[in-house]
Each structure stands twice: as structure tokens, then as C-alpha cells.
Amino acid sequence: MTHRPPVRDWTNDFDHTDPRWVADPYPIWEQLREQCPVAHSDRYGGTWLPVKHEYVAEVAYDTEHFTSRSVVVSEVRPGDDDLPAPIGVAPPITSDPPFHALARRLLLPAFGPKAIRGLEPYTRALCNGLLDRIGDRREFDASVEYAQDIPLRVIARMLGFPEEDADQFRHFIRLVLESVDATAEERQAQVNAGELDAYIDARIAEHLEHPRDDLTTFLLEATLDGEKLHPDHVRGTMVLLMIAGIDTTWSAIGASLWHLAQHPEDRARLAADPSLMPTAVEELLRAYAPVTMARLVAKDFDFHGCPMKQGDWLLLPFPAANRDPDVFPHAERVVIDRAENRHAAFGLGIHRCLGSNLARMELQTALEQWIRRYPEFELAASDNVTWSAGQVRGPRTLPLRIR
Amino acid sequence: MRVHVDPELCQGHNRCYAIVPELFDVDDEGNAHELNDGVVPVELEEKARLAVANCPEFAISISE
């Protein structure tokens, strides 16, 4: 890990891994919204940051000037040779049109609302099993013992992976998403180690031998234009589903519990009126949207007075868009019965989160079962809450006390 | 009142179908469309407005 100097000025030197951003990014975005709606930083070889909803939306819709070839800002930019453009390493999230639509359409049915509804009973039983395991302990880490295991086990089940591989999954997620600070050499060393590829290859081999009704077999048997998917496409999509499907929802569940632990009035309303939960879930997603995406500038052009150069990074902070007071009245307040809520927690445009229906079902189920079991809880004062660094933000330790 | 989903704008966020499944349905890929030619019974007008106001893509329109 390298140690970066602290940020001097958020308008021209921002860093999304700075401890102040990690702990509480909202005041930073608020300040930028007033001073400089598109900030720039020389870090990571040059990065832009729009913070207003209008600009975030404009970038999300503009696939001509911005490419999704890489969506995680790091010291390493993909070279023209590394990625089989326009597929990218993890289709369809790293794909651009027109290939993007083909790769996405293939996966959409498995993640549609009606397909996801079928996973709800399993998820509910899973949540209750985790709560049973916690038992009558009064203090525990809800991020590790509850929030994390829910998406992890649901995704493992969807892909048809052994449930006992949970610890390995956690390791891979850290490798891919929380290593932005690594130097080019360190990252390359991790990639060369090939652990993740080896793991995926083993699962593929197992599924080729014994096909079954899961997403891995589906991908192995799927065809595009009459041809089976390229092995790199299958592997890339499996990695995407593992990585994108786990720490995102883990973060959303954790952040929601963190909020509820500190807001007895919201807890009381949800406990008294479970029909409020779907509306509350949307508001919690708006206020604590975990995912900031990224783009690479595809060609030199002027974006609202900013001279963007091909290859510049652009952070796409949907969580900042969700706090824009021009779009959301009292944007800084969590209003759990907010009826009108066009939040962009799952992105906007063609890359709308493929797993949004799954994530909503998991978050809603996790909160419903939690509130039923523990209507009264608070942050355990003796310990600190820590938040993940990087583009997916959520509590990584969340010590709670049950009352 | 009638509602209409613009299929060019819909990205499958599924908000309308979640809020008022009496007026919207989704296809296998999760993209929404209006039911019954978009005709909104009086008792569902409020929910129809909510569906419009919760679409992140501004894909739903109302005509009176």
C-alpha cells in the first residue's frame, strides 16, 4: 500500500480514499456542489468528479465521450491491448455499445423482478438463520455477522458455488475493490498470482462436468449469435456477479442498520407499520447509496468548461447526485416515508445496475427480519464504526448493542 | 387519465411495477409497459402519479 498525502483542496486535489472522504463524504460533496460542480485532481493520473445530479446524469447517458472499459479508478489504466474492447474484462459492466446490449440482454431475465421474487423465501430463511446464530448475545458486529453474509450466500447460491467458500469470496472482494491504493507493480503482482482466475476456472470445470440449474451453467451454455460465449466472457461475467453482487448490498444493509441504530423514531415507525418498508428502503438507498462508478474519457472534449482528455478518469458519484438539493428537498435528511424519490442509487441509463431487483429484495428482507427480531438497538459506544475505502461505501465494522 | 412508458427511456428500474402493478407490468428482461392501454381508473390516479415521480429515467408520462 502506498500512503498518499492528505488532500489539500477538494476542488483540485480530491482523493476518494482520503480518510475524511471515507469517514463522511457528504460535507465534501456539499462544499463542491457550491464551489465547483466538476472538481479535478491530478491523482491517479488525472481524475474528474461531477457532484451535481444533472452532470452525473449527463455523463451516465453519454456513452460517446465516456467509456466503461474500466469502472474502478486505480493507478493503473487499462492499455489498449489489455482489454478485448468492446467487451471489457467484466461484461456487461465494462462493455460499451453496441456489444453491451447483447451481453446485458443475456443476463436480464435471471435478474428480473419475477425471477428474483423466487429467491425471497431462501433469503428470509437465511436472514433468520443468521439471527439465530447471533442468538442472545447483546453486542456483536452486525456488518460481519449479518449484513455481509446475506448477499454473499445468495450470490454463491445463484452461481452454484459451495457455500463453504464464503471466506475466499471475502478475500477476492478485497483484492478487486479495496486495492485502489496499490501501485501498478502491486496490482500486477496480485493479478499474476491468478488466485481469482484459478478459483473461477475450478468452478467452471466442475460445472462442465456436472451441469446444473444455476447461473454458471447458464453462462456456459448461453449463445450469442449462435456461438457459445468466449471463455473470457464467461469468466469475466462470473467475476462481475461475485464482486458486484456482494459488497454493494452488504454496504447497503450495513448503512441502513447504522442509520436505524441512531434513529429510534424511524425504528419505531417501521416496527409499527411494516407496510412502510418498501418506501423506507428507497429512501435508505437514496441517502446511503453505496456505489460510485467510474468512466474513462473516450476522446478529448469540453465538458461544461472542463478540458477533458482521452484517458482521464471520471468518478461518477451516484451517492452525491442523490444528495443534490436541486432534485431532492431536504436532501441531507433521511425521510423514511419520502413518497417521491427518483434516486439514482442503481445508476442511470444503459448500465442501470443489473442486480437492482436482487439488491432491493435482499435489503428489504434483511431489514424486515432484523426489525422483527430486534426492534430496539443502538451503536455500541465502546467501539468505532469503520467504513470501506474505495468506490463502494458501507460499514465494515458495525458494533451494535441490542436493548 | 392515461399513463405511458417510453420503451426507449425505460431501463428496467422496476419502480412503477413495484408501486402499482395494476397499471404496469414488466417483460422477461424487466422492462416496463403500461397495462390496459394505459387507462388509469380514478382510484389509482394517485398511485399513477407516484409511479411517474419515482421513475429515475423520466420514462413515464401522464395524459389527462
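All of these numbers come straight from a predicted model, not from anything done at the bench.

Explain empty space enclosed by the protein residue by residue, including any values.
Inspection of the entire model under this criterion finds two cavities of 30 Å³ or more. As for the largest cavity, its lining consists of 14 residues, and the residues nearest its centre are Trp 21, Trp 29, Thr 292, Gly 390 and Arg 393 of chain A. Those elements that place two or more of their residues in the lining of the largest cavity are helix H2 (19-23) and helix H3 (26-35) of chain A. Classifying every residue of the lining of the largest cavity gives eight nonpolar, five polar and one charged. Space inside the second largest cavity adds up to approximately 90 Å³. The wall of the second largest cavity is formed by 14 residues, among which Cys 10, His 13, Asn 14, Cys 16 and Cys 55 of chain B lie closest to the centre.

Before we move on, can you summarise the sheet that holds strand S11 (residues 377-379) of chain A with the specific residues and values?
Residues and elements named next belong to chain A. Spatial ordering of the open sheet is given by S4-S14-S11, a layout of three strands whose pairing is antiparallel. Edge positions in the open sheet fall to strand S4 (139-141) and S11, since each of these has one partner strand only. For this sheet, the mean angle separating the axes of adjacent strands, direction not counted, is 30 degrees. As defined by bridge partners, S11 adjoins strand S14 (residues 399-402) across three bridges and the pair is classed as antiparallel. For Leu 379, the partnering residue across the bridge sits in S14 and is Leu 400.

Could you give an account of the packing of helix H16 (residues 277-287) of chain A against helix H18 (residues 356-373) of chain A, naming the residues involved and the relevant values?
Packed helices, taken two at a time, are described by the angle between their axes plus the distance between the axes. Residue and element names in this part refer to chain A. Between H16 and H18, the shortest axis-to-axis distance is 10 Å and the interhelical angle comes to 115 degrees. Here the hand of the crossing between H16 and H18 comes out right-handed. Within the contact between the two elements, H16 uses Met 277, Pro 278, Val 281, Glu 282, Leu 284 and Leu 285 and H18 uses Arg 360, Leu 363, Gln 364, Leu 367, Glu 368 and Ile 371. Of the residues that constitute the contact of H16 with H18, the class distribution is eight nonpolar, one polar and three charged.

I'd love a proper account of the nonpolar core, names of residues and values included.
Residue and element names in this part refer to chain A. Tyr 146, Met 242, Leu 257, Leu 358, Trp 370 and Phe 377 are the most contacted members of the largest nonpolar core, which totals 103 residues. For Leu 358, the contacting residues outside a window of four places in its chain are Phe 111, Ile 116, Leu 119, Val 154, Ile 155 and Met 158. Formed by 23 residues, the second largest nonpolar core is a distinct cluster that contains Tyr 55, Val 59, Met 293 and Leu 348.

With reference to specific residues and values, describe the environment of Trp 313 of chain A.
In this fold, Trp 313 of chain A is placed in strand S10 (residues 313-317). A distance of 3.3 Å separates a polar side-chain atom of Trp 313 of chain A from the backbone oxygen of Ser 74 of chain A.

Mind laying out the side chain of Glu 57 of chain B, listing which residues take part and the relevant values?
Note that Glu 57 of chain B resides in the loop between helix H2 (45-53) and strand S4 (60-63). One polar contact links Glu 57 of chain B to His 13 of chain B, side chain to side chain, over a distance of 2.7 Å. In contact with Glu 57 of chain B, not counting residues within four places along its chain, are Tyr 61, Gly 347, Leu 348 and Gly 349 of chain A together with Leu 9, Gln 11 and His 13 of chain B.

The rules we used
Residues numbered from 1 in each chain as written. Chains lettered and ligands numbered in written order. Predicted model: local features only at pLDDT ≥ 70, side-chain atom pairs only at ≥ 80, totals over all residues. Heavy atoms only, no water. 1 Å grid on protein atoms, 1.4 Å probe; cavity = no way out; pocket = protein on both sides within 12 Å on 5 of 7 lines; lining within 4 Å. Points joined across faces, edges and corners; volume = space filled by probe spheres on them. Helix = DSSP H or I, 4+ residues; strand = E, 2+ residues; numbered from the N terminus. Nonpolar A, V, L, I, M, F, W, Y, C, P; charged D, E, K, R; others polar. Pairing = 2+ DSSP bridges. Axes fitted to C-alpha atoms, helices over the stretch in contact; angles between N-to-C directions. Left-handed = near helix turned anticlockwise from the far one by under 90°. Contact = heavy atoms within 4.5 Å. Core = buried A, V, L, I, M, F, W, Y, C linked by side-chain atoms within 4.5 Å. Buried < 20%, exposed > 50% of the residue type's maximum accessible area, 1.4 Å probe, protein only. Polar contact = N/O pair within 3.5 Å; in protein donor to acceptor, adjacent residues only side chain to side chain.

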